[in-house]
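What the coordinates show
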Amino acid sequence: QDKDTYINVYQEVADNFFSGKNQYSLIHNILLKVFSENIVAPYVRDILYIQRGQMRKYYSNYEGGYFVMYVSKEEFDAAYEAGFRIRFEYSKDITEERDKQKKTNEGLRSFVYPLLLSLKTKDQSKFNDTLFRFYVGRSQSIPKILIDMQLNDEKFQLLGYTFVAGLQGESYDSKKVSENDTEKEVKLS
């Protein structure tokens, strides 16, 4: 796509949903934009929640699939909150309020980009390596959900993208989507 291509996010989500496609490619592109161009995309969590429901419905018909592929709301929220906590802790170190969002995104890019690449390619070892280096560098332990999510590729992708969505810093309790956000468009380059 060229740099002037815009997509209607909600239309793309609906198209993916009704055609049985997952939302990961769309989520990946939006999260890249969030961190590279400092846009705000609180709706990413909602798209992931739709993917969670779609995954549950789609895989529940397969033998043993329901138990293997189901991601509980608690797991989903724990992955999001783990990302949100990192951003919160990281942003506390930035004293200048005016460009706090931008500076936090810039500081997290070297962590986020390898995570997004490993999610896109389903490379769990690269994801683990990136997490390990980040958490050890901050003298913190890796949250249990980030280890438990690696039971299969679908759970890994859903909870991995949910973790990265939490890193964008939009608290799902603190902001409500306004009426003007119903026709969101994102410029993809």
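Predicted model, so just to flag it, every value in this text is computed and none were measured.

Another aspect to go through is the nonpolar core. If you look at soluble globular proteins, the nonpolar side chains tend to sit buried side by side. Core analysis: the biggest nonpolar cluster contains 43 residues, and Ile-30, Val-44, Phe-163 and Val-164 have the highest contact counts within it. For this core, the elements supplying multiple residues, two or more each, are α1 (9–18), α2 (24–37), α3 (44–59), α5 (73–92), α6 (100–120), α7 (124–137), α8 (144–148) and α9 (153–167). With eight residues, α9 is the largest single contributor of residues to this core. Every residue in contact with Val-44, bar those within four places of it in the chain, is listed here: Ile-27, Ile-30, Leu-31, Ala-165 and Gln-168.

Enumeration over the complete set of coordinates arrives at seven salt bridges. In this structure, the salt-bridge partner of Lys-33 is Glu-37, at a minimum N-O distance of 2.6 Å. Of this pair, Lys-33 and Glu-37 are both found in helix α2, four residues apart, which corresponds to roughly one turn of the helix. A salt bridge links Lys-144 to Asp-148, with the shortest nitrogen-to-oxygen separation between them at 2.5 Å. With Lys-144 and Asp-148 both in helix α8, this residue pair falls four residues apart, about one helical turn. For Lys-144, a relative accessible area of 60% corresponds to the exposed category. Assessed through its relative accessible area of 29%, Asp-148 is described here as partly exposed. Each of Arg-45, Lys-73 and Asp-77 takes part in one network of salt bridges that share partners.

Turning our attention to unusual backbone geometry. A positive phi is found at Asn-38, a non-glycine position, where the angle reads about 55°. With respect to the helices and strands, Asn-38 occurs in the loop between α2 and α3.

Right, let's talk about a nonpolar patch on the surface for a bit. Together, Phe-17, Phe-18 and Ile-50 give the surface a local cluster of nonpolar side chains, amounting to about 320 Å² of exposed area. Tracing the backbone through its elements, the reader meets Phe-18 in helix α1. The class of Phe-18 is exposed, set by a relative accessible area of 71%.

Right, let's get into the side chain of Arg-52. Topologically, Arg-52 is positioned in helix α3. Excluding residues within four positions of it along the chain, Arg-52 makes contact with Tyr-70, Val-71, Ser-72, Lys-73, Phe-76 and Leu-158.

Among the structural elements, Gln-157 can be located in helix α9. Judged by its relative accessible area of 5%, Gln-157 falls in the buried class. A distance of 3.0 Å separates a polar atom in the side chain of Gln-157 from the backbone oxygen of Leu-119. Ignoring sequence-local partners within four residues, the contact set of Gln-157 consists of Tyr-24, Leu-119, Lys-120 and Lys-122.

Inspection of the entire model under this criterion finds eight aromatic pairs. An angle of 15° between the planes, with centres 5.6 Å apart, marks the rings of Tyr-24 and Tyr-161 as stacked. With Tyr-24 in helix α2 and Tyr-161 in helix α9, this pair connects stretches of sequence that are 137 residues apart. Here Tyr-24 matches Tyr-161 in class, with each residue buried. Measuring from ring centre to ring centre gives 5.2 Å for Phe-127 and Phe-156, while their planes differ by 85°; the resulting arrangement is edge-to-face. Placement of Phe-127 in helix α7 and of Phe-156 in helix α9 is noted, with a sequence separation of 29 residues between them. In this pair, the class of Phe-127 matches that of Phe-156, namely buried.

Calculation rules
Residues numbered from 1 in each chain as written. Predicted model: local features only at pLDDT ≥ 70, side-chain atom pairs only at ≥ 80, totals over all residues. Heavy atoms only, no water. Core = buried A, V, L, I, M, F, W, Y, C linked by side-chain atoms within 4.5 Å. Buried < 20%, exposed > 50% of the residue type's maximum accessible area, 1.4 Å probe, protein only. Helix = DSSP H or I, 4+ residues; strand = E, 2+ residues; numbered from the N terminus. Contact = heavy atoms within 4.5 Å. Salt bridge = Lys/Arg side-chain N within 4 Å of Asp/Glu carboxyl O. Patch = residues over 30% accessible without salt bridge, like charges linked within 9 Å, V, L, I, M, F, W, Y side chains within 5 Å. Areas by Shrake-Rupley, 256 points an atom, 1.4 Å probe, with all protein chains shown as cover. Polar contact = N/O pair within 3.5 Å; in protein donor to acceptor, adjacent residues only side chain to side chain. Phe/Tyr/Trp six-rings, centres within 6.5 Å; stacked < 30°, edge-to-face > 60°.

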